[in-house]
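Commentary on secondary and tertiary structure
Each chain is listed here by its residues.
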Amino acid sequence: MIPHRSKVATWGFAVVERTIHLPEPVEIDGLPVAPLARALIDAARRMDELNSVRAMIHDAVHRGLCTPEELRDELAQASTIGSALPRIVVNALQDGVDSAVEQWLESVLERSGLPRPTRRAELRTSDGAVVGVADAWWSQVGVALQIHHDEVALEPDKSPTMPALVAPGLIVVQASPAQLRDEPLVVIQDLRAAHRRARQRPPPNLGSVPAAPAA
């Protein structure tokens, strides 16, 4: 990036962008670079696939490298050229580090072809004992999906350990956020296999209530 009055042109591998909103640089190993939120928006403006833009931006937000507010500020100043896709993604972001995982999970559920599950369900036995929280719960067949949210917490050492879901007859599919993002087809195959197994036995006697949002 260079001031808009500069006459330097793009050459070879170096793409030059003139801007009237030159950001305060951040130094990395002595090299001045653009703040990450600005770099993400500039990169997204040159991309043409919504899923790629979403994956890039959600990954940065989820890892705590920048905030939705910083991205919105950069979009407000950015050129409208190429801004349609990053605007879709940024406008859909919710504050907090769970937004990316929620999007990845939603994509897996939509692509699975399975009945719509109950989201964030606290499972309980017939006598009221709490089994744990399922991120997706198919009560008709007794299948639960549990995501290891603690694996991507901003402060892993301070994250509570998530107890495994264990109950007679309950079939649980475990997945990590990285699997939802990078191996969605594997998770989908595991969910479909779990449903096939579940249909071969009576569903467990478990009830559910809405669980608190993920931390």
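All of these numbers come straight from a predicted model, not from anything done at the bench.

On to the pattern of salt bridges. Taken as a whole and judged by the stated rule, the model has 11 salt bridges. Between Glu 122 and Arg 124 there is a salt bridge; the shortest N-O distance is 2.8 Å. Under the relative-accessibility criterion, Arg 124 is labelled partly exposed at 31%. Bridged by salt links that share partners, the residues Glu 17, Arg 38, Asp 42, Arg 45 and Arg 46 form one connected network.

This brings us to the packing of helix H1 (residues 36–44) against helix H3 (residues 68–77). Taken N-terminus to C-terminus, the directions of H1 and H3 make an angle of 55°; their axes are 9 Å apart at the nearest point. Taken together, the axes of H1 and H3 lie oblique to each other. Handedness of the crossing formed by H1 with H3: right-handed. In this structure, H1 contributes Ala 37, Arg 38, Leu 40 and Ile 41 to the contact, and H3 contributes Glu 70, Leu 71, Glu 74 and Leu 75.

All right, on to helix H4 (residues 84–92) then. Within H4, burial applies to Leu 85, Pro 86, Val 89 and Val 90. Buried residues of H4, seen end-on, are gathered within an arc of 120° and therefore sit on one face of the element. Those residues of H4 that are exposed and angled more than 90 degrees off the buried face are Ala 84 and Asn 91. Residues of H4 that are buried sit in contact with H1, helix H2 (50–62) and H3.

What follows concerns the sheet that holds strand S5 (residues 118–125). Strand order in the open sheet made by the five strands is S8-S7-S6-S5-S9, with mixed pairing throughout. Across the chains shown, the open sheet's two edge strands, defined by having one partner strand only, are strand S8 (171–175) and strand S9 (206–210). Averaged over all pairs of adjacent strands, the angle between strand axes in this sheet comes to 45°, irrespective of strand direction. Note: strand S7 (residues 143–147) against S8, five bridges, orientation parallel. Note that in S8 the partner of Ile 147 across the bridge is Ala 175.

Thresholds, definitions, all that
- Residues numbered from 1 in each chain as written.
- Predicted model: local features only at pLDDT ≥ 70, side-chain atom pairs only at ≥ 80, totals over all residues.
- Heavy atoms only, no water.
- Salt bridge = Lys/Arg side-chain N within 4 Å of Asp/Glu carboxyl O.
- Buried < 20%, exposed > 50% of the residue type's maximum accessible area, 1.4 Å probe, protein only.
- Axes fitted to C-alpha atoms, helices over the stretch in contact; angles between N-to-C directions.
- Helix = DSSP H or I, 4+ residues; strand = E, 2+ residues; numbered from the N terminus.
- Parallel < 35°, antiparallel > 145°, perpendicular 65-115°, else oblique.
- Left-handed = near helix turned anticlockwise from the far one by under 90°.
- Contact = heavy atoms within 4.5 Å.
- Arc of directions from axis to C-beta.
- Pairing = 2+ DSSP bridges.

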